[in-house]
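Chain residues, written in single-letter form:
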Amino acid sequence: MCLGIPGQVVRMLDGYGDMLAIVDVNGTERKVNVGMLPEETFGPGDWVIIHLGFVVERTDEAGAEAALGGLKLMGRGDST
């Protein structure tokens, strides 16, 4: 089991083999790699779960809220 942080795709970055996205994570934009899910395409508004800078799962808003709720239970939701 890994600790995943939810985020929402803001935009995909040009170049980089179409593998980098800017994702809003709790109000902070981060550059993440989507290459672990080559069969998926991502665009603005998509919800994802991130682990160590890599998107490991596509989710929806409810799944992102559940993941954030788990982080908050552990005392990590406000400083991700």
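Within any chain, residue numbers begin from 1 and follow the written order of that chain's sequence. Note on the predicted model: pLDDT of at least 70 is required for a residue's local features to be given, and 80 or more for side-chain atom pairs to be given and counted; whole-chain, interface and lining totals, by contrast, use all residues. For side-chain calculations, the full set of non-hydrogen atoms in the structure is used, while hydrogens and water are omitted.

Topic: the environment of glutamate 29
Here is step 1: Secondary structure follows DSSP: runs of H or I at least 4 residues long count as helices, runs of E at least 2 residues long count as strands, and numbering of each begins at the N terminus. By the secondary structure assignment, glutamate 29 is in strand β3 (residues 28-33).
Here is step 2: It is 9.3 Å that separates the C-alpha atoms of glutamate 29 and glutamine 8, two residues lying 21 residues apart in sequence.
Here is step 3: Contacts are assigned to residue pairs with any non-hydrogen atoms lying within 4.5 Å of each other. Among residues more than four places away in sequence, those in contact with glutamate 29 are Val10, Arg11, Ile22, Val23 and Asp24.

Focus: the environment of valine 23
Here is step 1: Along the chain, valine 23 turns up in strand β2 (residues 20-25).
Here is step 2: Taking the C-alpha atoms as reference points, valine 23 and tryptophan 47, separated by 24 residues in sequence, lie 8.8 Å from one another.
Here is step 3: Ignoring any residue separated from it by four or fewer positions in sequence, one finds valine 23 in contact with Gly7, Gln8, Val9, Val10, Thr28, Glu29, Arg30, Val32, Val48 and Ile50.

Topic: a nonpolar patch on the surface
Here is step 1: Exposure above 30% relative accessible area and no salt bridge define the residues that can form patches, which grow by joining like charges within 9 Å and nonpolar side chains of Val, Leu, Ile, Met, Phe, Trp and Tyr within 5 Å. Computed with a 1.4 Å probe, the accessible areas rest on the Shrake-Rupley method; for each residue, only the protein chains presented here act as cover. What counts as a salt bridge is simple: a side-chain nitrogen of Lys or Arg found within 4 Å of a carboxyl oxygen of Asp or Glu. A cluster of nonpolar side chains, contributed by Leu3, Leu73 and Met74, occupies part of the molecular surface with about 360 Å² of accessible area.
Here is step 2: Positionally, leucine 3 belongs in the segment before β1 (5-12).

Comments concerning unusual backbone geometry
Here is step 1: The backbone of aspartate 18 shows a phi angle near 60 degrees, a positive value even though the residue is not glycine.
Here is step 2: Among the secondary structure elements, aspartate 18 is positioned in the loop between β1 and β2.
Here is step 3: Residue classification places aspartate 18 among the exposed residues on the basis of a relative accessible area of 58%.
Here is step 4: The phi torsion at asparagine 26 lies on the positive side, around 55 degrees, for a residue other than glycine. When a residue's accessible area, from a 1.4 Å probe over protein chains only, is under 20% of the maximum for its type it is buried; when over 50% it is exposed; and in between it is partly exposed.

Here we look at the pairing of strand β4 (residues 47-51)
Here is step 1: As paired elements, β1 and β4 share 4 bridges and run antiparallel to each other. Following the sheet pairing, glutamine 8 is matched in β4 by tryptophan 47.
Here is step 2: Here the rule is simple: two strands pair whenever DSSP picks up at least two bridges between them. The turn joining β4 and strand β5 (residues 54-59), which pair antiparallel and follow one another in sequence, is formed by 2 residues; a positive phi near 55 degrees is taken by leucine 52.

Remarks on helix α1 (residues 61-73)
Here is step 1: Taking 1.5 Å per residue as the helical rise, α1 with its 13 residues ought to reach 18 Å, and the 18 Å between its terminal C-alpha atoms agrees with that figure.
Here is step 2: Directly after α1, the chain includes glycine 75, whose backbone phi takes a positive value near 80 degrees. The span expected for a helix works out to 1.5 Å for each residue beyond the first.

What to know about the confidence of the model for the protein chain
Reading fine detail from the predicted coordinates is not recommended where pLDDT is low.
Here is step 1: For every residue, the predictor states its confidence as a pLDDT score lying anywhere from 0 to 100. Residues at a pLDDT of 70 or more form 91% of the protein chain, whose mean pLDDT is 89.
Here is step 2: Across the protein chain, element-level confidence peaks in β2 with a mean pLDDT of 97 and bottoms out in α1 with 87.

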